[in-house]
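Coordinates in review
The chain contents come next:
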Amino acid sequence: MFWVQKVKNIVTSIVLLVLSFSVFAQNHVEGLRIWPSPSTTRLVFDLADSPKYTYFTLSKPERLVLDIENTKKSFDFSKVSNDSNLVKKVRYSTAKDKQSIRVVIELSKKLEQSIFALPPTEPYGDRLVIDLTDGDEPSSPQIVLNSRSTTDRDIVIVIDAGHGGEDPGSIGRAKSYEKNVTLGIAKRLQTLIQQEPGLKAVMTRTGDYYISPNKRPEIARKHKADLFVSVHADAFITPQPSGASVWVLSMKRANSELGRWMERTERHSELLGGAAEVIQDTANERYLAEALLDMSMDHSLTTSYDLSRDVISQLGRVTKMHKKTPQAASLAVLTSPDIPSILVETGFISNPREEKNLNWSTYRQKLAVSIFAGIKQHFRDSPPDGSLWASQKRQIRTHKVRSGESLSLLAQRYNVPISQLKRANKMNSDVVKIGQVLTIPRT
Ligand SMILES: [Zn+2]
């Protein structure tokens, strides 16, 4: 009883201590870096803590006004060197309350802005980043770097069959090897992807041989993959656990990989492609590489999460899910902060029933079909820039109703559910008139 009370007291005082810290600890600006490039300027505010902020713009003259909550006025912006032709001046203004600061960024013209916070990454702490882009300039370096030469290109999906060669992966009770299960499912997935116009599949391995976990994402990078899918089978010390799960790179690992990459100069040119040779000065190159990587990391983590949700919803139709939400992990094969990557644990090879299933070709096909359906669903909704699917999505199909045609007949012909046809054409009934022009949505 005494102990319970004592523990309670300690817990209460810790809670109070934490509460008081979060109320009174104030954030403060530790520095400002201004990075100009021909048509963009990036402002990076270094902060003691993650910022809570809002912003708005004012015109005549053009200004961007930033309010950061619970922050002290501690840093002198007049000392910051500024070579940007887009930013005239950075200064404080009257804050909206005593606990916050207001920073005014005076701009030379109307600019597009993108504002986001970045978590600590060595050597930096918490940051608030403002990217200012001159919309009048035809091309910013990033856009050039991201564009690919071909239009209507294939969406590249790199399929990675886990383990192989001297690495069997997990071994089931009936002595099935994970490496064989993963290759069986991966090959089926490859066939499905290859059959789909606009998609291209690349395998990290096509037979029973060993590839190191680090080499696998490199293959994806070499092929400019839009997606990296690693196929595995789970195992546990007891036979009970069962079901599939989908894993994505954790934000923490992504950040540490990002930091590690930035330390290796040869990686900068790899990331920047041909542009690295054009950028003569090293500071600029590092800035561009970091900006690019920050952006693509954001994109790839979001894509990975979205995609894993789609894959989970499809997998759930053919198998029990061990985990119903995407799992974030620091796994050797998920180390690409720049390429959307997911790892699918298709089931537990250590569970006798699932081991049997995983060796069954019909079941492997079912798994491959559902992973494929999830991937397809994702890229139909958000096709990557420049892909055939992106240009198909832009083209709107129409149909002029002829005599004898009904809504159900057209739905069947275009393989679109009647409900979608009605929604796309804002129809309340199933009646169509001859000569009526209908929009046919893409499914
Ligand atoms: Zn594995």
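How each quantity is defined
Residues numbered from 1 in each chain as written. Predicted model: local features only at pLDDT ≥ 70, side-chain atom pairs only at ≥ 80, totals over all residues. Helix = DSSP H or I, 4+ residues; strand = E, 2+ residues; numbered from the N terminus. Contact = placed C-beta atoms within 7 Å. Core = buried A, V, L, I, M, F, W, Y, C linked by C-beta atoms within 7 Å. Buried ≥ 20, exposed ≤ 12 C-beta atoms within 10 Å, placed from the backbone. Axes fitted to C-alpha atoms, helices over the stretch in contact; angles between N-to-C directions. Parallel < 35°, antiparallel > 145°, perpendicular 65-115°, else oblique. Left-handed = near helix turned anticlockwise from the far one by under 90°. Nonpolar A, V, L, I, M, F, W, Y, C, P; charged D, E, K, R; others polar. Arc of directions from axis to C-beta.

1. What to know about the overall build of the chain
Counting its secondary structure elements, the chain contains 13 helices and 17 strands. Residue pairs at least 24 apart in sequence account for 72% of intrachain contacts in the chain once pairs closer than 6 positions are excluded.

2. With respect to the nonpolar core
Core analysis: the largest hydrophobic core is formed by 44 residues, its most contacted members being Ile-157, Ile-159, Val-229, Val-311, Ile-342, Val-344 and Ile-371. Where this core is concerned, the elements lending two or more residues are β10 (155-161), α3 (178-194), β11 (199-203), β12 (227-234), β13 (245-249), α8 (282-315), β15 (341-348) and α10 (361-381). Filtering out sequence-adjacent residues up to four positions away, Val-311 remains in contact with Val-246, Ile-342, Val-344, Ile-371, Gly-374 and Ile-375. Counting 22 residues, the second largest nonpolar core, distinct from the first, contains Ile-34, Leu-47, Ile-101 and Leu-107.

3. A look at the packing of α3 against α10
Where α3 meets α10, the closest approach of the two axes is 8 Å, and the angle between their N-to-C directions is 50 degrees. By the angle between their directions, the pair α3 and α10 is classed as oblique. Judged by the sense of rotation from one axis to the other, the crossing of α3 with α10 is right-handed. Facing Gly-184, Ile-185, Arg-188, Leu-189, Leu-192 and Ile-193 of α3, the residues of α10 in contact are Arg-364, Gln-365, Leu-367, Ala-368, Val-369, Ile-371 and Phe-372. Of the residues assigned to the contact of α3 with α10, the class counts are nine nonpolar, two polar and two charged.

4. Describing helix α4 (residues 215-222)
Among all positions of α4, only Arg-216, Pro-217 and Ala-220 are buried. Taken end-on, α4 shows its buried residues confined to a sector of 95 degrees, consistent with a single buried face. Structural note: α4 exposes Lys-215 and Lys-222 on the side pointing more than 90 degrees away from its buried face. Here the buried face of α4 lies against β10, β12 and β15. Where α4 ends, the next residue or the one after it, Lys-224, has phi of about 50 degrees, a positive value.

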